[in-house]
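# Coordinate inspection notes
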Amino acid sequence: MSKNQLRSDKTCLNCNHVVHQRFCPNCGQENTDSRKTFHHLFIHFFEDLTHYENAFWKTIRNLLLKPASLSKEYLSGKRLSYLAPVRLYIFISFITFFVISIVAEGTELESKPLREIRPPAGLKLTSAEMAELREIEAVEIKQKKVDSLRVAGLFTKDEAESMKQSLEKNYKAVKIGEEFGYRTVRQLDSVQHSLPESKKFSPVKYWFYRKMTLINQKGMTGEELVNKFKESFLHNFPKVLFIYMPIFAFFLWLFHSKKRWYYFDHGIFTLHYFSFLLLVTLISISLDSVLTLLHSDIADLISQIMIFGVICWMLYYFFPAHHRFYGESRGVSFIKTAVLFFINFIIVFILLLSFMVYTLINLH
């Protein structure tokens, strides 16, 4: 209990209700002096931080190692010992997608000159990094040949610089619009009108060709397109995930007793399950980033094994979580989870495909 001195005034500062004892019977606020010393602020901060940390680490431990235990504890009324499901999901989601955006940004090479992409001399490289280095060296050799031809008088300085920049810009990039043979929308429309009805492009195919042609007219390379698409996709993916969770909970509601389980109960289970998925994703991405810094083939192998293990863990986790939460036999639980996986796989595929098309449509 707080040791702060009580106010002589018995009127609550928060709701103006009469306070006969330490706490207001109307709003629960403690009727103590509102002006605090620095010592009190420090102690209060330390107490809150310690309480939050204890609840946080206890929540994370149970989330990772005890499938469905958080959901059962929450619905049984034990809620102060753990983070609330919504707060837990928002916190983990924010950290996970923040880390993903940082990692994704670090892989974008389009805006960097080759001298910055080239690894420092003497650094031990993996097989994949050696292949990458050979590609960079091939581009640099071509650039040196352009310089030699400029010195020989075959190119002006501006022409040589333009050719060198073009070589660098197209490093690991492809002109995407020209792959379809159309340099302008007018050319595409002309071809479409000249074709017989039976051979005209379908609306979807025409839209795709037109989009690629417009991107090509802007001089956008394949690498630039991928980077823009990835940036837009990662920015909006948390919203798609948030929309999908109620759908996931809805199918849980369909497959279980309506008298025993409310939709709210399935929602709590869903929040904890998706929090687990995001947390495991965060851990695997963080460890993979650390292993990448080692520049070792063994580290790459460990990373691949870890990612495979994480995927298996994510898939397996739902089975014991479902069995323990709903209290059904292992056989019934296995059948229900298998059917739910199949249904949700189809839904996720449709959602992701729709979202990718939406992202491409709004790509500028």
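Below is a short write-up of the structure. (Residues numbered from 1 in each chain as written. Predicted model: local features only at pLDDT ≥ 70, side-chain atom pairs only at ≥ 80, totals over all residues. Heavy atoms only, no water.)

### Side note on the pattern of salt bridges
The line we're drawing: Should a side-chain nitrogen of Lys or Arg be within 4 Å of a carboxyl oxygen of Asp or Glu, the pair is scored as a salt bridge.
Summed over the entire model, instances satisfying the criterion amount to 3 salt bridges. For E30, the salt bridge goes to R22, with nearest N and O atoms at 2.8 Å. For the salt bridge of K336 with E328, the shortest nitrogen-to-oxygen distance reads 2.6 Å.

### Comments concerning the environment of P320
Test applied: Working definition: helices are DSSP H or I runs of at least four residues, strands are E runs of at least two. Numbering for both runs from the N terminus. Exposure categories follow from relative accessible area, calculated using a 1.4 Å probe and restricted to protein chains: below 20% of the type maximum is buried, above 50% is exposed, and the middle band is partly exposed.
With respect to the element layout, P320 can be found in helix α11 (residues 297-326). Of the residues examined, P320 reaches a relative accessible area of 10% and is grouped as buried. As for P320 and R330, which are separated by 10 residues in sequence, their C-alpha atoms are 8.6 Å apart.

### Re the nonpolar core
Quick reminder of the rule: Among the buried residues, those of types Ala, Val, Leu, Ile, Met, Phe, Trp, Tyr and Cys that are joined through side-chain atoms within 4.5 Å form a nonpolar core.
Residues L63, F269, Y273, F274 and F276 are the most contacted members of the largest nonpolar core, which totals 40 residues. Those elements that place two or more of their residues in this core are α1 (38-65), α3 (85-106), α9 (222-254), α10 (263-292), α11 and α12 (330-361). Element by element, the count of residues in this core is highest for α10, at 10 residues.

### Here we look at the side chain of D265
Threshold: For the purpose of counting charges, residues Lys and Arg are taken to be positive, whereas Asp and Glu are taken to be negative. His and the chain ends are not included. Should any heavy atoms of two residues lie within 4.5 Å, those residues are counted as being in contact.
For D265, the location among the structural elements is in helix α10. As a buried residue without a salt bridge, D265 has its nearest oppositely charged side chain in R79, at a separation of 7.3 Å. Beyond its immediate sequence surroundings of up to four residues, D265 is in contact with L75, R260 and F325.

### Here's the deal with the packing of aromatic side chains
What counts is decided by this rule: Any two rings among Phe, Tyr and Trp, with Trp reduced to its six-membered ring, count as a pair given centres within 6.5 Å; such a pair is stacked if its planes are under 30 degrees apart, edge-to-face if over 60, and tilted if neither. A positively charged side chain is recorded as over a ring if its NZ (Lys) or CZ (Arg) lies within 6 Å of the ring centre. The angle to the ring normal must also be within 35 degrees.
Enumeration according to the criterion identifies 26 aromatic pairs in this entry. Stacked on the ring of Y74, the Lys or Arg R79 has its end atom at 4.1 Å from the ring centre. Lying across the ring of W253, K258 places its NZ or CZ 5.0 Å from the centre.

### Examining the packing of α11 against α12
Each pair of packed helices gets described by two things: the angle between the helix axes and the distance between those axes. Heads up, the condition is: Orientation is described by lines fitted to C-alpha atoms, with helices fitted over the stretch in contact, and by angles between N-to-C directions that extend from 0 to 180 degrees. Note that the term roughly parallel is reserved for angles under 35 degrees, roughly antiparallel for angles over 145, roughly perpendicular for angles of 65 to 115, and oblique for everything else. Each crossing gets its handedness from the near helix: less than a right angle anticlockwise from the far helix is left-handed, clockwise is right-handed. Charged means Asp, Glu, Lys or Arg here, nonpolar means Ala, Val, Leu, Ile, Met, Phe, Trp, Tyr, Cys or Pro, and polar covers whatever is left, Gly included.
Direction vectors running N to C along α11 and α12 enclose 135°, while the axes themselves pass 9 Å from each other. In terms of axis orientation, α11 runs oblique to α12. The interaxial crossing formed by α11 with α12 has right-handed handedness. Facing α11, whose interface residues are L315, F318, F319, H322 and H323, α12 presents R330, S333, F334, K336, T337, L340 and F341. Its residues assigned to classes, the contact of α11 with α12 shows 6 nonpolar, 4 polar and 2 charged.

### Considerations on a nonpolar patch on the surface
Which entries qualify depends on this criterion: Residues enter patches when they are more than 30% accessible in relative terms and free of salt bridges; like-charged ones are connected within 9 Å and nonpolar ones (Val, Leu, Ile, Met, Phe, Trp, Tyr) within 5 Å. Here the accessible surface of atoms and residues is derived via Shrake-Rupley with a 1.4 Å probe, and residues count as covered only by protein chains that are part of the display.
On the surface, a cluster of nonpolar side chains totalling about 800 Å² of accessible area is made up of F342, F345, I346, F349, I350, L353, V357 and I361. With respect to the element layout, I350 can be found in helix α12.

### A closer look at the packing of α10 against α11
Where α10 meets α11, the closest approach of the two axes is 10 Å, and the angle between their N-to-C directions is 170°. What the angle tells us is that α10 and α11 run roughly antiparallel. The residue inventory of the contact of α10 with α11, partitioned by class, reads 19 nonpolar, 5 polar and 2 charged.

### What to know about helix α7 (residues 185-194)
For clarity, the cut-off: Taking the helix axis as origin, the arc is that swept by the directions to the C-beta atoms.
Turning to α7, its buried residues number three or more, namely V185, L188 and Q192. Projected down its long axis, α7 carries its buried residues within an arc of 60°, all on one side. For α7, exposure combined with an orientation more than 90 degrees from the buried face picks out R186, H193 and S194.

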